[in-house]
Amino acid sequence: FTKCITEHLISQRRADVPVIIVRPSIVSASWRTPFAGWLDSPAALAGCLLYMGLGIVKALHADPGTRLDVVPVDLVSHRIIEAAFGNAWPRPGQPVPIRYAAMGIEHALRIDMTTQANLKFFSERPGVKFVPRTELFHGKTFASADLLHREVPLQIGRALLTATQRHKDKRRLEKADEKVRYLNH
């Protein structure tokens, strides 16, 4: 909603300044540049992928057949550069052109395929000591999976950290758990 309002404000107040709007879909890890899998921030989907790859998220609440219009960040950058240096700049009084940086439904991966590809990527990295595993659960089965894979280990970890008086580590564990719960919410 705020992006929509911003686009309208820019379009209305641009005067004679040429403007092109680039609208990306869900931005994720890079495809090639600067290297495959590069992330600049552990937010949104990138955070979810990172937490799965690190083995922190073991149960994900998602319909396996859901398609994600995820576009690699380097393709979004390319689209922005293409728009900035192309010949599509509007003349004064013309509508603001909108360029999309999206994969589209025909190229959108199902979430189960995305999860498998992500886990494969992280398991093949140099120095990997364990193979991460994340399972998808849809509907009521997620609650029991979350209890088994997140809540029980969390309570055990809290108890151990409290018993050993490692309060900083306990707080870190609780912050990581907040992020995991937020991702699944």
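Residues numbered from 1 in each chain as written. Predicted model: local features only at pLDDT ≥ 70, side-chain atom pairs only at ≥ 80, totals over all residues. Heavy atoms only, no water.

1. Quick word on the overall build of the chain
Line of reasoning, step 1. When helices and strands are tallied, the chain shows six helices and eight strands.
Line of reasoning, step 2. Start at the N end of the chain and walk to the C end: the helices and strands fall as α-β-β-α-β-β-β-α-β-β-α-β-α-α.
Line of reasoning, step 3. At 21 Å, the chain has a C-alpha radius of gyration far larger than the 16 Å of a compact globule built from 185 residues.
Line of reasoning, step 4. When the backbone C-alpha atoms are referred to their principal axes, the chain occupies close to 70 × 35 × 30 Å. (Helix = DSSP H or I, 4+ residues; strand = E, 2+ residues; numbered from the N terminus. Rg over C-alpha atoms; globule rule 2.2 N^0.38 Å.)

2. A closer look at the confidence of the model for the chain
Line of reasoning, step 1. Considering every residue of the chain, the mean pLDDT works out to 87; 100% of them sit at 70 or more.
Line of reasoning, step 2. Per-residue pLDDT, averaged within each element of the chain, yields its smallest value for helix H2 (residues 44-53) (80) and its largest for strand E1 (residues 21-24) (94). (pLDDT = per-residue confidence, 0-100.)

3. Points about the packing of aromatic side chains
Line of reasoning, step 1. As enumerated under the stated definition, the model contains one aromatic pair in all.
Line of reasoning, step 2. Between phenylalanine 121 and phenylalanine 122, the ring centres sit 5.5 Å apart and the planes meet at 85 degrees, which makes this aromatic pair edge-to-face.
Line of reasoning, step 3. Taking the relative accessible area as the measure of exposure, phenylalanine 121 reaches 23% and is therefore partly exposed.
Line of reasoning, step 4. Owing to a relative accessible area of 17%, phenylalanine 122 belongs among the buried residues under this scheme.
Line of reasoning, step 5. Sitting above the plane of the tryptophan 31 ring, arginine 32 keeps its charged end 3.9 Å from the centroid. (Phe/Tyr/Trp six-rings, centres within 6.5 Å; stacked < 30°, edge-to-face > 60°. Buried < 20%, exposed > 50% of the residue type's maximum accessible area, 1.4 Å probe, protein only. Lys NZ or Arg CZ within 6 Å of the ring centre and 35° of its normal.)

4. Remarks on the packing of H2 against helix H6 (residues 167-184)
Line of reasoning, step 1. It is at 10 Å that the axes of H2 and H6 come closest, and there the two elements cross at 120 degrees. Judged by the angle between their axes, H2 and H6 are oblique. Here the hand of the crossing between H2 and H6 comes out left-handed. Of the residues in H6, those in contact with Ala44, Gly47, Cys48 and Tyr51 of H2 are Ala176, Lys179, Val180 and Leu183.
Line of reasoning, step 2. A class-by-class count of the residues in the contact of H2 with H6 yields six nonpolar, one polar and one charged. (Axes fitted to C-alpha atoms, helices over the stretch in contact; angles between N-to-C directions. Parallel < 35°, antiparallel > 145°, perpendicular 65-115°, else oblique. Left-handed = near helix turned anticlockwise from the far one by under 90°. Contact = heavy atoms within 4.5 Å. Nonpolar A, V, L, I, M, F, W, Y, C, P; charged D, E, K, R; others polar.)

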